Structure formats: structure tokens, C-alpha cells
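A look at the structure
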Amino acid sequence: MAEYKWPAAEKRRLIGKRISRIDGPLKVSGKAKYSFDMNRPGMLFGRILRSPYANAKVVSIDISQAEKMPGVKAVKIIQGAGSTILWAGDEIVAVAAVDEPTALDAMRAIKVEYERLPHVVNDANLSTVPDSAKKPAQEKIQGEPDKALAEADVTVEGYYGNAVITHCCLESHGQTVEWTDENNVLIHPSTQGVSVIGNDLAKALEIPAGNVDLRMDFIGGGFGSKFSIDRWGIECAKISKLAGGKPVKIHLERDAELQVAGSRPSMYAKVKVGAKKDGTLTAWESECWGTGGPGGLGTPQLPYMLNLGSGIPNYKAKFINVATNTGPQRAWRAPSHPQMAVITLGALDDLAAALKMDPIQFLLKNADMFAPRTAIYKEELAKAMEMSDWKNTWRPRGEGAPGSTKYIKRGLGVSMHTWGGGGHASNGDVIINPDGSVELKMGTQDLGVGTITILTIVIAETMGLPMDAVKIHLGSNRYPSSGASGGSTTVGGVSAAARRGSVDALTQLFAKIAPMLDAKPEELEAVDGKVRVIANPSKAVAWKEACAKLGSQPITVRGVNKAGDRELTNSGVGGVQIADVSVDTETGIVKMNNFYAVQDCGLVLDLTTTESQVFGAMIMGVTYSLYEEKIMDNATGKMLNPNMEFYKLAGVLDIGNFKVHMMTGKGYDERGPIGVGEPPTNSPGAAISNAVANAIGVRVSPIPLTPDKVLAALASKKGGSSNAKI
Amino acid sequence: MSSHDEKPLKSESEKDSAVSRRSFLKGSGIALSVPLIAGNTRLVKAAGQDVKVHGPNKVSITLDINGKKQAATIEPRVTLLDTLRNDLDTTGAKRVCDRGTCGACTVMMDGKAVYSCSILAIEAQGKKITTVESLAQNGKLHPVQQAFVDNDGQQCGFCTPGFVMACTALLNKHPNPSPEELRAGLGGNLCRCGTYVGIRAAVAQASAQMKKGGK
């Protein structure tokens, strides 16, 4: 039976090394074509008229003027009279025209009458949320929380939270669709699910799944928001049909992108947490709420990482789901984890401060409660302390770390996190051609995480070939299907399928040429561009020569990974992050000094792109901790900052200095590759919040920690009352 | 009950293009600097001066893109970015914020980095427009591009062409940029995936390379 397991450390030629992403040159030269870049022959430009109201009934729509305009090829009502609109920006009418100015003019000529209804768009203060917007509370209890809190030596109470943020993909959601004949559709979408959304489109159009030809070579960001064909995808296909099947491009304008195409739920909580004098955690109580738009969000698992039997022995976690008239939530890198970390690790940090304990010592004291990853966290905390020079830099809360001045206060904060991973279902055809070239055809996608690069590494490593001998084809639903890229399951799934396919293809090649080398197939190996006899390496044949023996017929083998298979990948990782900030107590501005991350993700396939994932998660973390917020206007029900000057992202010099350490080697590598797109996004909010509290001696909440909130917290501290009451 | 008639609709969509670009046009004094073009262009008196008015319909223009003259027929309200992308299939520059914030549309105009989403195509006539597509010569990446590849200054890559152009313009002017010059040169470009660590390393590599005379 073939041996699939990952090569031992001493045999790895490519795996775990620093390798530049293969598609890099295409991206830096502008040659990478994204869906948004498609210019199909005779293409029309589509645009969508959206509701200006957050809650309304459509009374009437008049498209007659728009239809008559020269250059307008189709106008299609998406939600007609009688429809209920639940968020501002929802789709009302689509138009397709010969160019963008004409499409824009056509939108202006459409008349829509609405009946406005009352809306709810904010939930940071639960007492101002009407009861009608609250779904019934859910509560989970373990042990005897009331008694344990009453008996605790020290308790703290605080308010922690996270505002709604939006995905803000730089390539907005959208697609170009055309009908190649009456029953066949060609779509170029921007999607995280190449093998998935074509089927959804076929269903909506009532054509067989095989009639949808979906192609996507590059995607300009997804972060969890691009799993669906979306209504604009279906409507784009329908309006293309109305326009005689001509290609129609609809990519969302920036304001729509921020209003409706991306939303990470809010999550707020009032927490009371207790411990013994020695720092042993004993009890937790939280009342948590949040919104994911009209449908709400999934119940958070609080206290984060500590809600298992081995966790905090006594806890009571209540959750109230708030329905708001805002664009519906979409999965955002590690759904709920960053928010739960802010709440949980924030409360624990306040408790450590009340106990006058170093927060790292506090976490170590309670490390057993973080089972099953206790050992990993201990190692990672030690590493993070070393990287940040914690012992010499950290000071008790409010004392100011070295470098603090009268007005500028420096502080350090720590957080830990977890995430699952595992491998999704994946199929890929590995092809060894008679000319010695090797291909992989797989219906997956590279979100910019390095999927093409790691697949090349896996196949080249397995076959003993240089990377340029391997070509990866992905981005088509005509290739063997592979899962959508979500839940950090891609690397596990695709690498396992590629590994198995490569090993099996190689086995077939060995069977062909074993007689030539006077050996049995199982006595051969592929190394350094040769196939040779393991016991007698001088008995060898060059790779190309070996493949020439295939005659005219390539070897094609289907590599498969079944969802959840743990032979070559695994689930469950841990990470620790330490933030080092300076806070200007006069302006309230928080500045990042340093940011450290220690992360495990099993076997690292490419150190360069793996580190880039961690850096990227941390940078996104700085951004959501300090700048980002989807600001909703109570009066109009609209988003006030659906643009990029007021929906703020960090710039190149706003982030401070970063250091990342990947946990590799024994105890990690043998777990196989595990996705790392999500885990490191979980800690930044908590680590940065804790650093700010450490610097200025008071908790600022909720994130983002904007200057107004920092100044308000400082003012409340001077007045004698803080958010974290002891 | 309130009605969503033509008026609010118009104000709703004005921010996308019409009024902001019209006032932009007025503010930039553009009409005075544009050479006379064939077709739908006429002279009117404004504030005692002859002013060229383009449109309201499509006008024929010629742009100098990467050293090549390219013709397009566009409405005067159309941006350089949209002309490049929609009419000339030059899609390296990306449309992201479409209002001069994120830098994804950065190209060079007469050697200076500009937001092509905030320049009208008619205004770009007679200027030398350089896009990311022209940087690599004879199949060899420009030192800035190579540095982005070597230091992984990219993930999804959608902001990358804009960053590469901004970075090239920066290093052309300041071969050894100070942190302040770096902030001024690259502070107008945004990335969502979080590639800034790689981009900073890329700037350092490209700076060293270009000083050595790599390009």
C-alpha cells in the first residue's frame, strides 16, 4: 500500500522552506486578471438601484423612463411592489447598458415609492434596543456560578465589546455573466467557492449544473464574505438573458460593498469574573448580546476557550440575539472568535490586574483550564515572553512601561486563541505527461493565501522535481471539485488530495519503468529529477526519460481528501499574541509599537506565505482594534461611512513593528498542514485592548479604541469610576 | 409614508459621479488646459474668457499610454481609470474606492504618481501616462516588482499594482526614503489582506537595488 504520510524533516527539500508565491510576478505586473478586470466582447455594464431606507415596503416602481433611454439594454425589477426591505442598500432594480454613464443615468430615471417603517440599526447599548428586536435569551450554565462568585476572593465586573465591521474586500463582490447559447452560462465571479456557487446559480436559473461554466483565476479578497452566488449574481445572469445573452458585468460600487456585502457581527457583554487570592479562576457570569443584521448571529461560546468541562468550573453565559435593519452578517475570518477573545481575555486581564498579578502568570496559573491545548499555550507563552522581552518591559497596570512620559503611556497586553481547521473535501487530478511535465487540475481557488504555491511544493516535493516542472490549474468548476475556502480548511484538504494523487501517480510511473531498472516498483524513489533504486542510487533514470516511456498516454490519477480525514491534516491550533502600544493621554491616540505572534499550524508547507498569513491577520487585527467600525445612523438608518476615507483601514506606517514565530518541529509537524488564515485574527483585539488598559490604567471599551473612547475612559478614571469596577 | 421620487434618487447617485466630477472639473480649470478635440467640443464665454466645453455626449480623445497613442470615445465625465479599464482593456490599475483614498488605481502621469480615479480622461490628454503594465522590460521585472515578489509584499494582489506604482514613483524621487517620505509616498495606498510588513521590506530591497544601478 502506498505511503502517503508527509516526508520526514531530513528529507524535505521544499516543504517548510521560504518560497516566494508562484503567482507573484503576475500580480506585480498587472497581468493577473480578476473577475472585475473582465472585458468580454460586447459587454454591457450593469448597475443596481438600492433602497435608501433600512425598513420599508416598496409601494411602486416605475422603470418606463429608464427603459426608453438610448443605450439601455435591459431593466429588471428585483424586488417589486409589496416587497419588504429590511436594510438600506438592499437590491431593488437592475439595469444593463452599453456603458457605465448610461447605466448610471438609467438608475436616476427609475422612480421608486416606499412606505417607510421604523428601524433599529444600533445595539451597542442594550437598554436602548426595543424588545421587539431582541430574540429570546439563551443561557448556558455549568456548576454553581452564583455561589462561586459570592465565595470568590476577588471579582471584577466590566463591559467589553466589538462594533460591527465590514469585510471591505478591495475587489468588490460581483461577476460577469453571459449566455453562450439559450441554455448555457459562462460566469466569471469573485468567489471563495469555485466548485460550489456554479451549482447554486444553475439551480436559480433552472438549468442543469453542467450548463454553468465558471472561471476565476484571481480573487481580490474574500475573508469569508464570498461564499454565495448572491442575489446580484443571479440577477446579473437574468438581466444578461433579458439583454439577449450579452455579457453583463456587475461589481458592487464601494458604498454597496460596505453596506451590504460584508458584515462581521457585533458582540458586547457585561461580565463578572471571580478568582481565589492565588489567582485560580473560579467563576464567570456574562450577559452577552450582538447583531448580525436581520437574522442575528450564532450563539457565542463564552467564556472563550474556557467553556468546556475542563474550563472555568462555574459559569453562567446568557446571550441575546439582536435583529437589526443592517446588511446581513457574513462569515468573517474565524466567526465569533475575535469578539469572544476581546470579551473573555479582556475580563481575565482586568481580573489579573485586580489580583495584582502579571497577566501571563495568571494565564499560566490557569493553563489547565485551557485544555486540550494547555501544553501548546505554555510553550507559546514562554516564546512570546522571550520575543517581547516581557520580563524587562511589562509593568503593572497604570505604572507605564519603560519609555512612558508624563503624557505618553506605554503598555503591553497579551491574548491567546484557538481555531479548528482540518481539511475540507477535495479532489484533484494529478497528471504526469510523457514529456515529463506534471499538472494538477483542481476546482479550488487561491485567495492570496498561497494555495497555488503550496500545491506546487507538495507535488514537486513528492516527485523529486523542481517547482517549475509542475503546473497548477485551478479556478474552474470543470475541474474535480474541491471545497470552498472557509474555516481554514483549504490547505489541509488540497494538500492531502495533492499528496495522495502525486504518490499514486508516481506509483504508476514506477510500475512502468521498474523493469528498465531491473527492480520492483516498490524499490524505487523519485529524487533530484531522477527515478532511482533506493538501495542502489546509481541505478537511476532521468525523470524525463522515465516519463517518455509512457508513450502517448499520460498518467492521470485522482487525489482525494475526504472531509474530516485526519491522516494528513488535523484540527485545533493555538496561538499567543503580545501587543506593545503607546497611548497619548492628551489626544487619545493609540499607536502600535510592537506586535508579536506565536502560532502553531501543524506542518508548515511554505514559511513565506504562512508568515504572510499571520502578518496579515495581525494587521487586520490592528485595523479592527483601532480604526474600523460600520457606523450606523439612528435617524436615517443608513451607514454613515460607506467609503474608504471614513471607513478606516490602517496604512503602511500605522502598524508598528511585527515579529512572528511559527511553532514547528516535533509535536507540531507530524499533525500535517493546518490552515492558518483564521487563528491569528482572533487575538489582536484582546491583546491591543489589554495593552491600552495596561498603559493608561483603565479599560477602554468597546473596540475600536478610537480617541474619543480613550479620552472618555481616562476622564471616567479621573472621576473615580471605571468600566472595570473592582 | 414617504416617496422616493426622482429628487432623492438623484442626490443618492450624485455622489457616485455627476456633481462631484462636475465641480472637480470646474475646480481644476481643466477646460483651459485641454487641447481642442474633434467632435463634441465647443467654446463658450465664461467669466470673460473662452472656455472649451466638452460633451454632453461622447467625445473622441487620444491618450499617451505607456508610450503608445491610444484612441477612445468617451463621455467627458469618465475618469482616466475607467477609460483605461473599460475602453482600453488596461486593467492593472484597479477600481476600489473610486474617490481618491485607497490608491489601487495609481498610475504615473508625467512621472508623478496620481489617482487615476480622480482624473478625467479628457484631462489626461497630452500627458504621459505610465501604468503598471509597462514596468517590466523584456520579460524582466522592474526592481520594485521583483522586491514585492521576493518579500511577499502581496496576498490577493488587488492593491499590488497601485502599491508598485506608488513605490516606483517614490523611489524615483527619493532613492533612500526617510520614514516621513515613505509615509508621504505610500500613505495614500491601502491594503486589506495586510501586506505592509512585506511592502516595507520590498521598499528597502528595491531602494538598495536601484541605488546600485539595477534600474
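Coordinates for the structure precede this section.
The sections below set out a description of the structure shown in this document.

Attention shifts here to the overall build of chain B. Counting secondary structure elements, chain B contains 8 helices and 8 strands. Restricting to contacts in chain B with at least 6 residues of sequence separation, those with at least 24 account for 56%.

What follows concerns helix 10 (residues 374–388) of chain A. Residue pairs spaced three or four apart in an α-helix point in one direction, given the helix's 3.6 residues per turn. All names here are of chain A. An ideal rise of 1.5 Å per residue puts 21 Å on 15 residues; helix 10 measures up with 21 Å between its terminal C-alpha atoms. Within helix 10 the residues assigned to the buried category are Ile376, Tyr377, Glu380, Leu381, Ala384, Met385 and Ser388. Down the axis of helix 10, the buried set is contained in an arc of 160°. They therefore lie on one face. On its buried side, helix 10 packs onto helix 9 (359–365), helix 11 (390–393), strand 16 (408–421), strand 24 (571–584), strand 25 (590–600) and strand 26 (657–663). With its phi angle positive at about 50°, aspartate 389 sits one or two positions after the end of helix 10.

Before going further, it helps to spend a moment on the interface of chain B and chain A. Taken residue by residue, the interface counts 63 residues in chain B and 56 residues in chain A. Elements with a minimum of two residues in the side of chain B that touches chain A: strand 1 (2–4), helix 1 (6–14), helix 4 (80–87), helix 5 (143–150), helix 6 (160–173), helix 7 (179–186) and helix 8 (196–211) of chain B. Per element, the largest residue contribution to the side of chain B that touches chain A is 6 residues, and it comes from helix 1 of chain B. Across the side of chain B that touches chain A, the residue classes tally to 27 nonpolar, 19 polar and 17 charged.

Moving on, we get to the environment of proline 294 of chain A. All names here are of chain A. Here proline 294 lies in the loop between strand 14 (281–291) and strand 15 (314–322). C-alpha of proline 294 to C-alpha of alanine 323: the two residues are 29 residues apart in sequence and 4.7 Å apart in space. Those residues in contact with proline 294, other than ones at most four positions away along the chain, are Leu86, Trp87, Ala323, Asn325 and Pro328.

Attention now moves to the packing of helix 5 of chain B against helix 6 of chain B. All names here are of chain B. Packing of helix 5 against helix 6 brings their axes to within 9 Å, and their N-to-C directions diverge by 130°. As summarised for this structure, helix 5 and helix 6 are arranged oblique, according to the angle between their axes. Seen along the crossing, helix 5 lies across helix 6 with a hand that is right-handed. Here Val144, Gln145 and Phe148 of helix 5 come into contact with helix 6, specifically with Thr160, Val164, Cys167, Thr168 and Leu171.

Once that is clear, we can look at the pairing of strand 6 (residues 106–109) of chain B. All names here are of chain B. Here 4 bridges tie strand 6 to strand 7 (residues 112–115), and the two strands are oriented antiparallel to one another. Opposite methionine 108, over in strand 7, you have alanine 113 as the bridge partner. The hairpin formed by strand 6 and strand 7 contains 2 residues between the paired strands, and aspartate 110 there has a positive phi angle of roughly 50°.

Calculation rules
- Here the residue index of a chain counts from 1 through its sequence in written order.
- Each chain is given a letter, starting from A, and each ligand a number, starting from 1, according to the order in which they appear as written.
- In keeping with the model being predicted, local features are shown solely for residues with a pLDDT of at least 70 and side-chain atom pairs are shown and tallied solely at 80 or more, while totals for entire chains, interfaces and linings include all residues.
- Counting from the N terminus, the helices are the DSSP runs of H or I reaching at least four residues and the strands are the DSSP runs of E reaching at least two.
- Each residue is represented by a C-beta atom placed from its backbone, and any two residues with such atoms within 7 Å are regarded as in contact.
- Given the number of residues in a helix, its expected span is that number minus one, multiplied by 1.5 Å.
- Three classes are used. A residue is buried when 20 or more other C-beta atoms lie within 10 Å of its own, exposed when 12 or fewer do, and partly exposed in between, with C-beta atoms placed from the backbone.
- The arc in question is the one traced by the directions running from the helix axis out to the C-beta atoms.
- Gly is put with the polar residues, along with every residue not named as nonpolar or charged; the nonpolar set is Ala, Val, Leu, Ile, Met, Phe, Trp, Tyr, Cys and Pro, and the charged set is Asp, Glu, Lys and Arg.
- Think of each axis as a best-fit line through the C-alpha atoms, taken over the contacting stretch in the case of a helix, with angles from 0 to 180 degrees between the N-to-C directions.
- In what follows, roughly perpendicular refers to angles from 65 to 115 degrees, roughly parallel to angles under 35, roughly antiparallel to angles over 145, and oblique to any angle outside these ranges.
- In a left-handed crossing the near helix is turned counterclockwise from the far helix by less than a right angle, and in a right-handed crossing that turn is clockwise.
- Pairing between two strands requires that DSSP report at least two bridges joining them.

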